[in-house]
Amino acid sequence: MSSITTEPVTTKRQQNEFVEFPWDLYRDDPNWIPPLRQNLKELVNFVPHPFYARNKVQCFLARRAGQVVGRIAAILNVGHNERYDEKRGFWGFFESIDDTEVSGALFDAVKAWFAEQGIQKMRGPANPSLNHEVGTLIEGFDTPPAFMMTYNPPYYEKLITDYGYEKTQDMYAFWGHINMLEGLDPKLKFIVDEAKSRFNLKLRRMDRKRFKEDVHTFLDNYNRSLVGTWGFVPIDTAEVDKMADDLKHLLVPELTSVCEVDGKVIGSMFGMLDYNPRIKQIDGKLFPFGFMRLLWNKKAIKNMRLISTNVVPEYQRWGIGLVILERLVPDIKKWGVQEVEFSWVLESNHLSRASLERGGAKKSKTYRMFDYAPAETTADNTT
């Protein structure tokens, strides 16, 4: 008989155990960055979040002898299933000790919850969707993650695959030094110059005077640009509003770039300062004073992550992304940034990968998404 029991999270006490479990699991791991507790509570809907206006989540805990030894969330992403015309369940926020009995019990709980809704195919991890933190780290355990990137012990991949999950897509993080741009491949420089001469491009930073409007512009451009991207589901209006509110304190106009043609935004890029060392200092607690410590003297933060370069489809083959990056470089230098992480980049995004590699960026971390499907459904498991 198994010594592991699983239970749905329904009480405040269980919610607290779900949130706090990683602090015990990663106690001796110097590379782990704690989550912002408030943000985590929202993303699993312990505190209301607009993602769950139409989607569903059920969290589970695994126990051995009464002690929490694992957790997971089953996520029904209605938008994904409508967009791809399939029945698929997602899971995320997975944490477990190194024990297949524990991970197996957690995946069983997720499978049973989805089976009640007629769903057999599953994918993960997504926390809670591809528009947030995703993927299991499988390469690059020697350094902490960048801001808003996942981290986990090396044994997670085996726990997942031992259950029967298989790789469906990898995402990469690339490392780059500012000096790489000084010796830019002449072919890339030609592409930049050609794009500038071909189109009437206007390049600018985010405007402080219309900050929230510009954040909405970024997110709208994100939705329009990623239409053909693997697994993409547009962010709906309510979630855009939520993201805009969350980002307005974190985004720095100097680390953003907007490209317009005839007054219309066709591309954008934004970098985020790497707040992770400060999040570690405040132990993931924004209140009562953590929020001030997180945002105080942003100029002192010299590492950054370039999160998103988005160009609308009709301009994606013209090197607009390189033009947007070129506009950003002087501001990055002025800020004093030396090293940048470009993340994440889908392995199927050959254009972005090739551009980064030709520019000298080095792949530093690999994150993986996994699919599970019973044998009878494997043949149509193509999304």
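For the structure itself, consult the block above.
Cut-off values and rules
- Residues numbered from 1 in each chain as written.
- Predicted model: local features only at pLDDT ≥ 70, side-chain atom pairs only at ≥ 80, totals over all residues.
- Heavy atoms only, no water.
- Helix = DSSP H or I, 4+ residues; strand = E, 2+ residues; numbered from the N terminus.
- Rg over C-alpha atoms; globule rule 2.2 N^0.38 Å.
- Contact = heavy atoms within 4.5 Å.
- Areas by Shrake-Rupley, 256 points an atom, 1.4 Å probe, with all protein chains shown as cover.
- Lys, Arg positive; Asp, Glu negative; His and termini not counted.
- Charge placed at Lys NZ, Arg CZ, Asp CG, Glu CD.
- Core = buried A, V, L, I, M, F, W, Y, C linked by side-chain atoms within 4.5 Å.
- Buried < 20%, exposed > 50% of the residue type's maximum accessible area, 1.4 Å probe, protein only.
- Phe/Tyr/Trp six-rings, centres within 6.5 Å; stacked < 30°, edge-to-face > 60°.
- Expected span 1.5 Å × (residues − 1).

Some thoughts on the overall build of the protein chain
Assigned secondary structure in the protein chain consists of 12 helices and 15 strands. What you see for the protein chain is a C-alpha radius of gyration of 21 Å, in line with the 21 Å of a compact globule of 383 residues. For the protein chain, the C-alpha atoms occupy an extent of roughly 70 × 50 × 35 Å along the three principal directions. For the protein chain, the share of sequence-separated contacts (at least 6 apart) that also reach a separation of at least 24 residues comes to 77%. With an accessible surface of roughly 17700 Å², the protein chain has 52% of that area assigned to carbon and sulfur atoms. Taking the average place of the 51 positive charges on the side chains of the protein chain and the average place of its 51 negative ones, the gap between the two points comes to 5 Å.

Side note on the nonpolar core
Formed by 64 residues in total, the largest nonpolar core has its most connected members in M272, Y275 and I320. Considering each element in turn, this core owes the most residues, nine residues, to helix 11 (residues 320-335). Setting aside its immediate chain neighbours within four residues, I320 contacts A195, F199, L201, C259, I266, V311 and Y315. One finds Y26, L43, M122 and Y156 within the second-largest nonpolar core, a separate group that totals 60 residues.

A look at the packing of aromatic side chains
Using the criterion set out here, one finds 23 aromatic pairs in the structure. Measuring from ring centre to ring centre gives 5.7 Å for F18 and F46, while their planes differ by 80 degrees; the resulting arrangement is edge-to-face. Placement of F18 in helix 1 (residues 12-25) and of F46 in the loop between helix 2 (37-43) and strand 2 (56-64) is noted, with a sequence separation of 28 residues between them. A single burial state applies to F18 and to F46, both of which are buried. A ring pair is formed by F218 and F270, whose centres lie 5.6 Å apart and whose planes are at 65 degrees; its orientation type is edge-to-face. Taken together, the positions of F218 in helix 7 (residues 211-225) and F270 in strand 12 (residues 264-273) put the pair 52 residues apart, joining distant regions of the chain. Both residues of the pair, F218 and F270, count as buried.

Details of helix 7
Between the first and last C-alpha of helix 7 there are 21 Å, a value that for 15 residues agrees with the 21 Å anticipated at 1.5 Å per step. Listed as buried for helix 7 are F211, D214, V215, F218, L219, N221, Y222, N223 and S225. Residues of helix 7 that are buried make contact with strand 10 (201-204), helix 8 (237-247), strand 11 (256-261), strand 12 and strand 13 (303-311).

A look at unusual backbone geometry
Residues F287 and P288 are joined by a peptide bond in cis, for which omega reads 5 degrees. A cis geometry characterises the amide bond from S343 onward to W344, with omega recorded as -10 degrees. Assignment of secondary structure puts W344 in strand 14 (residues 339-346). Within the chain, N45 stands out as a residue other than glycine whose phi angle is a positive 70 degrees.

In short, shape yes, function no, at least from these values alone.
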